[in-house]
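Results of the structural survey
One-letter residues, chain by chain:
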Amino acid sequence: MRPALGLGCYAPWPAANPLTTVTLEEVTGTRSQKTKHDFLSQLGEHCREALRRLEKPPLVAAWYETEELLDLARPLGGRLLTVPRSTGDTIENKATLDTLLQQTGAAPNLRIPSESYTQALPSFESLAGRFGLPFVVQTNSSGGRGTVIVQREIDFAGADSLNPPFRVSRFVAGFSSNTTVLNIPDGRGGCAVYVDTPSHK
């Protein structure tokens with residue numbers, strides 16, 4: 001099955017083409033990373049017209065709930081297939097991640113030792129003594145944009161310039177891999193779990 005319509009910043013990969021696409025790259029003939037976060041506002045009426053041509057109210061699969069997506073779907077009786085923004089913010093909140101894992105019953109040996117800081121970070125020397133070198137500083141973000149691996153004091157200067165709250169944790173050697181997990185209720189009180197590695201939006 002392919003989506004009936006894909007809205008995006010870049011022209012799609014042919015092997016994964018939706019039946020119809022509306023992308024900023026196709027409309028303007030240009031490709032730029034600078035537009036990847038506000039392409040919907042720039043596409044505007046192109047998106048609304050494409051949605052109006054659908055035979056049924058749209059079911060919009062998205063990574064995050066946004067007012068722009070709600071404004072596109074609601075007038076046509078559609079809805080977003082995603083978690084509310086407040087839930088997404090909770091999941092992405094690195095400072096409360098360990099608490100969240102504890103609440104889900106994750107075993108201690110599956111959790112990376114960490115500390116949360118709602119204001120400024122302690123000194124480099126203090127954190128290096130607590131976690132060893134290298135250690136990891138994270139702020140609320142996705143895709144690794146708010147993650148800094150601190151090996152030297154110069155790295156720490158970059159991490160300290162980020163906005164709180166912070167999560168500081170011990171570094172675990174290995175490879176980095178974002179993973180998307182999709183849970184779908186099965187109608188019997190349980191759920192089906194789909195895991196996609198590496199993750200995609």
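Residues numbered from 1 in each chain as written. Predicted model: local features only at pLDDT ≥ 70, side-chain atom pairs only at ≥ 80, totals over all residues. Heavy atoms only, no water.

**Quick word on the overall build of the protein**
Secondary structure assignment for the protein yields eight helices and ten strands. Dimensions along the principal axes, computed over C-alpha positions, put the protein at roughly 60 × 45 × 30 Å. Burial statistics for the protein: of 201 residues in total, 28% are counted as buried. In the protein, once contacts between residues fewer than 6 apart in sequence are set aside, the share between residues at least 24 apart is 39%. Total accessible area on the protein is roughly 13,500 Å²; 54% of this is exposed by carbon and sulfur atoms. The distance from the centre of the 20 positive side-chain charges to the centre of the 20 negative ones in the protein is 4 Å. (Helix = DSSP H or I, 4+ residues; strand = E, 2+ residues; numbered from the N terminus. Buried < 20%, exposed > 50% of the residue type's maximum accessible area, 1.4 Å probe, protein only. Contact = heavy atoms within 4.5 Å. Areas by Shrake-Rupley, 256 points an atom, 1.4 Å probe, with all protein chains shown as cover. Lys, Arg positive; Asp, Glu negative; His and termini not counted. Charge placed at Lys NZ, Arg CZ, Asp CG, Glu CD.)

**A closer look at the side chain of lysine 94**
Relative to the helices and strands, lysine 94 is located in the loop between α5 (85-92) and α6 (97-103). Lysine 94 gets classed as buried once you look at its relative accessible area, which sits at 14%. Setting aside residues up to four positions removed in sequence, lysine 94 forms contacts with Gln138, Thr139, Asn140, Ser141 and Arg167.

**A word on the nonpolar core**
Phe39, Leu40, Leu43 and Leu80 are the most contacted members of the largest nonpolar core, which has 16 residues in total. Counting only elements with at least two residues in this core, the list comes to α2 (39-43), α3 (45-52) and α4 (67-73). The leading source of residues in this core is α4, at four residues. With sequence-adjacent residues up to four places away left out, leucine 40 is seen in contact with Leu7, Cys47, Glu68, Leu69 and Leu72. Counting residues in hydrophobic clusters, the runner-up holds 14 residues, among them Tyr117, Phe124, Phe135 and Phe166. (Core = buried A, V, L, I, M, F, W, Y, C linked by side-chain atoms within 4.5 Å.)

**Here we look at the environment of leucine 100**
Considering the arrangement of structural elements, one finds leucine 100 in helix α6. Taking C-alpha positions, leucine 100 is 8.8 Å from threonine 90, a pair spaced ten residues apart along the chain. Setting aside residues no more than four positions away along its own chain, leucine 100 makes contact with Thr90 and Ile91.

**Things to note about the confidence of the model for the protein**
Interpretation of the predicted coordinates at a detailed level should be avoided for regions scoring low in pLDDT. The share of residues in the protein with pLDDT of 70 or more is 95%, and the mean pLDDT across the chain is 87. Mean pLDDT across the elements of the protein bottoms out in strand β9 (residues 180-185) (76) and peaks in helix α7 (residues 124-131) (96). (pLDDT = per-residue confidence, 0-100.)

**Focus: the sheet that holds strand β6 (residues 135-138)**
To summarise the sheet geometry, strands pair through backbone hydrogen bonds and adopt either a parallel or an antiparallel arrangement. If you walk across this open sheet you meet the four strands as β5-β8-β6-β7, and the pairing is antiparallel. In this open sheet, the two strands that pair with only one neighbour each are β5 (114-117) and β7 (147-150). The average undirected angle you get between the axes of adjacent strands in this sheet is 20°. Here β6 pairs with strand β8 (residues 166-170) via four bridges, running antiparallel. Bridging from a neighbouring strand, valine 136 pairs with serine 169 of β8. (Pairing = 2+ DSSP bridges. Axes fitted to C-alpha atoms, helices over the stretch in contact; angles between N-to-C directions.)

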